[in-house]
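# Fold and geometry: a report
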Amino acid sequence: MMEETLTKKPVVRKPKKGKRQPMTWSLIKNQRQLIWMSVPLLAYIILFSYVPIWGWTMAFQDYKPALDFADQKWVGFKHFKFLFLDDNFLRVLRNTLAMSVINLVLGFVTAIVLALLLNEIKKVFWKRTVQTISYLPHFLSWVIVTGIVATTLASDGIVNDVLMKLHLIKEPILWLSEGHYFWGVVGASHVWKEVGWNTIIYLAAMSSIDPALYEAAEIDGASRYKKMFHVTLPGIKPTIVILLIMSIGHILEAGFEVQYLLGNGLVVDWAETIDIFVLKYGIAQGNYSLATAGGIFKTVVSVTMLLIANWIAKRLGEERLL
Amino acid sequence: MGGKSKSVIRLGMIMLLSFSFILAGCGGSDKTATSGDAKAGNEASGGSGEGKPEPFEITAFIGEAGQQPTPDNKIYKKIKDELGVTFKFEFLAGDLNQKLGVMIAGSDYPDIMTGNTKLTAAGAYIPLEDLIEEHAPNLKKHYEKYWNMMKDPNDGHIYILPNYGAYNGEVSSTWYSGPAFWIQKAVLEEAGYPKVKTLDEYFDLIAKYKEKHPNIDGKPTIGFEILNYDWKNWGLFNAPQHLIGHPNDGSVVVNDGKAEIFADKDYAKRYYQKLNEINAKGLIDKETFTQNFDQYLAKISSGTVLGMFDQHWNFQNAENALITQKKHERTYVGLPLVYDEGTRDYYLDRPALNLNNGFGISVNAKDPVKIIKLWDRLIQEDWQKILSWGIEGEDYIVNEKGRFMKTQEQRDKFTDATWKLANKADTLYSFSPKMQGFFSDGNATDGAAQPEEYQAGLEEYDKKFLKAYGFNSYVDFFSPAPENPIYYPAWSVDLVEGSEAKIVNTKQNDLSTKFLPKAILANPSDFDSVWTEYTNEIHKLNIKAYEDRINEVLQWRIENWSVK
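Residues numbered from 1 in each chain as written. Chains lettered and ligands numbered in written order. Predicted model: local features only at pLDDT ≥ 70, side-chain atom pairs only at ≥ 80, totals over all residues.

Turning our eyes to something else, we now look at the overall build of chain B. Secondary structure assignment for chain B yields 23 helices and 16 strands. Sequence-distant contacts in chain B: of pairs separated by 6 or more residues, those separated by 24 or more amount to 77%. (Helix = DSSP H or I, 4+ residues; strand = E, 2+ residues; numbered from the N terminus. Contact = placed C-beta atoms within 7 Å.)

Structure, rendered in C-alpha cells:
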C-alpha cells in the first residue's frame, strides 16, 4: 500500500495534464527497459488475479473436486439463492458493514490524530520510541491478539480491575458475553493493533511537506494548532483520500479472525460476518460453490464501491486512484 | 526528482528479484516432489520374491498432524531388517479438507492413506476384500466377525481397514476416555466417599464444597464448567441423552432403531433448567460461554474447577498438568449420572468398530499385494507384542508368572514423547489393524489394560481413593457396558457433505449455541420464555431431513451388519 502511493507521485506529476504523448515505435524503443521490467509483474497479475476468475464458474455448478469440468453439474443461481434468501443473511451483512465502517472510521481518525501528534514531537528519540511501540502489535497475528483481548476483558482482567478500583463499576462487566459491546471491542482491538502501522504512511506524507509553508505560516502569526490544521492536514489530504478510496473497496472485509476467535454463542447475533457464514455453510460443508458465490458477491460489491468512491473523489477535485 | 525515480527503479528491481525467487522456489519444490514419487515407484515395482526380504518402501499419508519418527527408530529398523519394509510418512500440516482437495484434484496419492469419506467418494482407494481373501489369511481371521460392517454403505466394497474396535474376547480396560460428569476427587473425599448417582446429588456436593472452600490455592473456586467452543460442543449439547440412560449417539436418541433429536425434548429442558437453577446460585463459571479451549484447560490445570461435563480425552492434558504438579486430589473421577435413581447408566459403551479411520490402499499403489501381506504379517502376535509393548527385556519385563510388567523407569519412558519417537512405531501402529483384548498367553494387548500393571503404576493417593470405594480402577464407577445395538453408534453416520441433513444439523447447532447459554444465564423466571423461543426456532427447521438421513443409515446397518 505504502509503496504504491509513494511511488505513484512522480509518475502522476510528470506528464502534463490533457496532453498524451503519441505511442510511437521510437518511444517504445526508448522505454524498452521499463517495458521489459513490467513484464514479470504483468504476468504475475494475469496469472494470480485474472486466471482465477475462471473459477467463478464453480458458483454456478454443484462443484465436486474430483470431477472434470465437463462432468460438473450446472445449477444456475441456486447457491446465490441459498446465500441471499437465508434468514441470517441480512443480519450477517449488517454485522459485516457495521464492523467495517467502525473499523474504517476509528482507524482513520486515530491514525491521523496520532500522526499529527507524533509530527509535533521534536525530540527524535521520543518520537521514534512511541512510533515503534505503537506499530509493534501490527506484527502479532490475530490469534495472539484475541488471546490478549480475551484476557484483558476477563472478569478478573485488567480492564475490570481498573474500573473497579476507580469505583466506576460495582461488579465486573463481562465484556465478551454482551452482544452490544462486541462491535466496540472489535473496533478497539483493531485500533490497538493497527494504529501505529497506519500512521507510518501519514508521517511519510507529512515529511514531504515543504518546510517553507510552515515558515510562512509562522511569519503570518499562525499558532501551533493553526499550523496543524492549515498546513499539515491539507498537506496529507491526497494521501488520506487515496487510502480512503482503497479502504472503501474493502468495505465487506470486516475481518474474519477477530469475529471467529472472539465470538461465542451469546454474541453470535452481532459477531457473525459474511466470511464466517460462508465458511460455515460453504467450505466446512465441502460446498465450494457456495463459498465461491459468497466471494463473487463480495468482489462485485467491492468493485462497485471502489468506482463510486473514485467518482466522488473526482467530483470533489481530489486525487484519484483510477 | 532524479533521486526519486532512481529509487523507483531500485524498488522495481527488488520486487522483480523477490518474484523470481518465489517462482524459482515453486518450480524447485515441484521437481523434488516428482522425483521422490518416481523413486518410490521404482522401489515398489522391484521384485516380489518370498523368503529373503527385498527392500520395499511404502509411502503413507496420515490425516492428522504428527511428528516424524527418528531415522534410527528401533522398531522401524526392526521392520526394515526383518521384513524389508521402510515407511515414508507424510503428516497433515494445516487444514485437512484443503489438503484432501489438493490431493484429489491432482489424483496425487501415496501408497496408503488414512481413512476419509472424501477420499472414498473420490474413488481414491482400491477395494480390499479380494486381496485379503487371497493373500491375508490372518487379517481375514482378525476381521471375520466384523466383515460386513467394514463394507462401504454406498457400494459394498471394503476400502478401509478399521484400526480400532476389532476385539478378541472380553473387553476390559482400566481407562475411561469417554463422556461423564467429572468431579474433583477432593470433593468426594471430603464428603466421605459417597456413591453419587443423580444430577441433584452431584450439584449438592459441589455446592457444599464450594461454600466451605470459596478459594482453592488462593483463587476463587469454580463450581461447574461448560465448554462450548468451535466443534467441541458436547459439553453443552450432549448431557441430556446420558441423563435418561442412553449411550452417546451424538445429537439423537435412538429407541428401537429409530432416531430422533433430543434438543427440544422435555428431558433436555430438565437439564438446562437445572443448570439455570445452579447458575442462579453462582455455581457456574461466569465466563464459561466466552472462554476458548485454552482458557478452559488453564482453569482446570489450576485445580480450581470442581466439575464439568466433558469427554476424558478432551481435558486429558489439563489433568496431566495437575499430576505433574502433584495435585492428585484435584484430578477427576467420571460419574455416570442419571436423572432418577432407578435409571441404569449407560455411559460406558463397548468400543464400536472404528470405521473410516484406519489405512486404505490407494489406487496409485504399485504393489498392493505386498502391502496387504505386510499387514497380514504385522497382525500376528509376535509383531503385535513388539508394536504394543516393545522389545522384551528393554521396554517391558516378563515376571515369573509369565505376565508382562514394566519397571517404573520403563513406565516413565512410555509417557515421554521424545523417547517414543525413537523407540516406538506409534504412527504405524495406531492406524494399522491391531489385536485388541488379549494375546493367547493371557496378557493384555495394551499396557493400560493389564490389571496388575495398572495397579502397580497407580499413585498412592489413587490407591487410597479406590480402596475407599472398593474398586479396582476408575472404570468401576460405571455400570458394565451392555452389548452394543447393531447400528451403534449413530454419531458415526456420514451426513453427506452439503446435503440438506448436514445443513439442518449445522443450523440446529447454531441455534443451540445461541439459545442454550441465554437460557442458562437467564433469570430463573425468564427461563421458560427463552426455552419456548428456542424450541420454536428449532421446529422451523427441516429436522425431519436430518432424522431421515440417520434412520436410513441405521436401517442399512441393521440389514447389513448382522453377523451371519
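Back to the text.
All names here are of chain B. You can read the domains of chain B as domain 1 (49-170 + 354-437) and domain 2 (179-347 + 493-561). A straight line from the C-alpha centre of domain 1 to that of domain 2 covers 34 Å. With 5 residues of domain 1 at the contact, the number on the domain 2 side is 5 residues. Class assignment for the residues of the side of domain 1 that touches domain 2 results in 2 nonpolar, 2 polar and 1 charged. (Domains from an automatic or database assignment. Nonpolar A, V, L, I, M, F, W, Y, C, P; charged D, E, K, R; others polar.)

Residue and element names in this part refer to chain B. By size, the foremost hydrophobic cluster in this structure holds 89 residues, and its most contacted members are I183, Y202, I206, L335 and A519. Broken down by element, the residue count for this core peaks at 9 residues, all from helix α21 (residues 500-521). By size, the runner-up hydrophobic cluster in this structure holds 47 residues, among which are F56, L100, L119 and Y159. (Core = buried A, V, L, I, M, F, W, Y, C linked by C-beta atoms within 7 Å. Buried ≥ 20, exposed ≤ 12 C-beta atoms within 10 Å, placed from the backbone.)

Time to look at the sheet that holds strand β5 (residues 179-184) of chain B. Strand pairing in a sheet is mediated by backbone hydrogen bonds. Such pairs are either parallel or antiparallel. Residue and element names in this part refer to chain B. Spatial strand order, β8-β11-β5-β12: 4 strands in an open sheet with mixed pairing. Each edge of the open sheet carries a strand with a single partner, namely β8 (222-225) and β12 (332-335). Across this sheet, the average inter-strand angle for adjacent strands is 20 degrees, counted without regard to direction. Here β5 runs beside strand β11 (residues 305-311); their pairing, made up of 5 bridges, is antiparallel. Of the residues in β11, the one forming a bridge with A180 is D310. (Pairing = 2+ DSSP bridges. Axes fitted to C-alpha atoms, helices over the stretch in contact; angles between N-to-C directions.)

This paragraph deals with the pairing of β11 of chain B. Consecutive side chains of a regular strand alternate in pointing toward one face of the sheet and then the other. All names here are of chain B. Buried residues dominate β11, accounting for 6 of its 7 residues. As defined by bridge partners, β8 adjoins β11 across 3 bridges and the pair is classed as parallel. By the bridge assignment for β11, E225 is matched with M308.

Let us look at the packing of helix α5 (residues 89-120) of chain A against helix α11 (residues 224-249) of chain A. All names here are of chain A. Axis separation between α5 and α11 bottoms out at 11 Å; the angle between their running directions is 145 degrees. As for how α5 packs across α11, the hand of that crossing is right-handed. Listed contacts from α11 to L104, I112, L116 and N119 of α5 are M228, T232, I240 and S247. Of the residues contributing to the contact of α5 with α11, the split by class is 5 nonpolar, 3 polar and no charged. (Left-handed = near helix turned anticlockwise from the far one by under 90°.)

Another aspect to go through is the environment of E54 of chain B. Structurally, E54 of chain B is set in the loop between α1 (2-45) and β1 (56-62). For the pair E54 of chain B and I323 of chain B, spaced 269 residues apart in sequence, the C-alpha to C-alpha distance is 47 Å.

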